[in-house]
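Below are the chains, spelled out letter by letter.
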Amino acid sequence: MMWKESNGKLVRNVKCQDFNDALALVNKIALIAEKLNHHPDLKIHGYKYLTIEVYTHTTNSITKKDHELAKE
């Protein structure tokens with residue numbers, strides 16, 4: 001799974017086993033986001049797909065903090 005740059009955001013699409021697996025991944029990401037105080041946009045769709053979008057909301061662009069979050 002690789003990060004792609006799209007429309008000024010780092011984007012990653014993940015296919016999970018099922019909805020519970022997708023939800024568990026969201027919760028894992030939430031813990032990391034809280035630790036870094038930098039929060040991605042998360043979307044579960046099709047019951048087992050998760051789209052993660054990372055960008056700095058205040059600048060509406062990709063910054064060093066976004067790369068740090070994506071690395072984690």
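Above this note sits the structure.
Residues numbered from 1 in each chain as written. Predicted model: local features only at pLDDT ≥ 70, side-chain atom pairs only at ≥ 80, totals over all residues. Heavy atoms only, no water.

Side note on the nonpolar core
Where we set the bar: Grouping buried Ala, Val, Leu, Ile, Met, Phe, Trp, Tyr and Cys residues that are joined through side-chain atoms within 4.5 Å yields what is termed a nonpolar core. Using a 1.4 Å probe on the protein chains alone, a residue whose accessible area is under 20% of its type maximum counts as buried, one over 50% counts as exposed, and one in between counts as partly exposed. Numbering of helices and strands starts at the N terminus; helices are DSSP runs of H or I of at least 4 residues and strands are runs of E of at least 2.
Core analysis: the largest hydrophobic core is formed by 11 residues, namely Leu 10, Val 14, Cys 16, Ala 22, Val 26, Ile 29, Leu 50, Ile 52, Val 54, Leu 69 and Ala 70. Of all the elements in the fold, those that place two or more residues in this core are strand S2 (9-15), helix H1 (19-36), strand S4 (49-54) and helix H2 (64-71).

Side note on a nonpolar patch on the surface
Put simply, the test is: Exposure above 30% relative accessible area and the absence of a salt bridge qualify a residue for a patch, where like charges join within 9 Å and nonpolar side chains (Val, Leu, Ile, Met, Phe, Trp, Tyr) within 5 Å. Here the Shrake-Rupley method, with its probe set to 1.4 Å, supplies the accessible areas, and only the displayed protein chains count as covering residues. Throughout this description, the term salt bridge denotes a Lys or Arg side-chain nitrogen within 4 Å of a carboxyl oxygen of Asp or Glu.
Residues Phe 19, Leu 23 and Tyr 47 make up a contiguous nonpolar surface patch of about 300 Å² in total accessible area. For Phe 19, the location among the structural elements is in helix H1. Judged by its relative accessible area of 41%, Phe 19 is partly exposed.

Some thoughts on the sheet that holds strand S1 (residues 4-6)
Put simply, the rule reads: DSSP calls a pair of strands paired once it identifies at least 2 bridges connecting them. Angular values range over 0 to 180 degrees, each being the angle between N-to-C directions of two axes fitted as lines to C-alpha atoms, with helices fitted over their stretch in contact. Any two residues whose heavy atoms approach within 4.5 Å are treated as being in contact.
Spatially, S1-S2-S4-S3 is the arrangement adopted by the 4 strands of the open sheet, whose pairing is antiparallel. The two strands at the open ends of the sheet, each matched to only one other strand, are S1 and strand S3 (41-45). Averaged over all neighbouring strand pairs, the angle between strand axes comes to 30 degrees, with direction disregarded. Relative to S4, S3 runs antiparallel, the two sharing 5 bridges. Among the inter-strand pairings, His 45 is bridged to a residue of S4, identified as Tyr 49. Sheet strands touched by H1: S2, S3 and S4. Its angle to S3, the strand with the most contacts, is close to 175 degrees.

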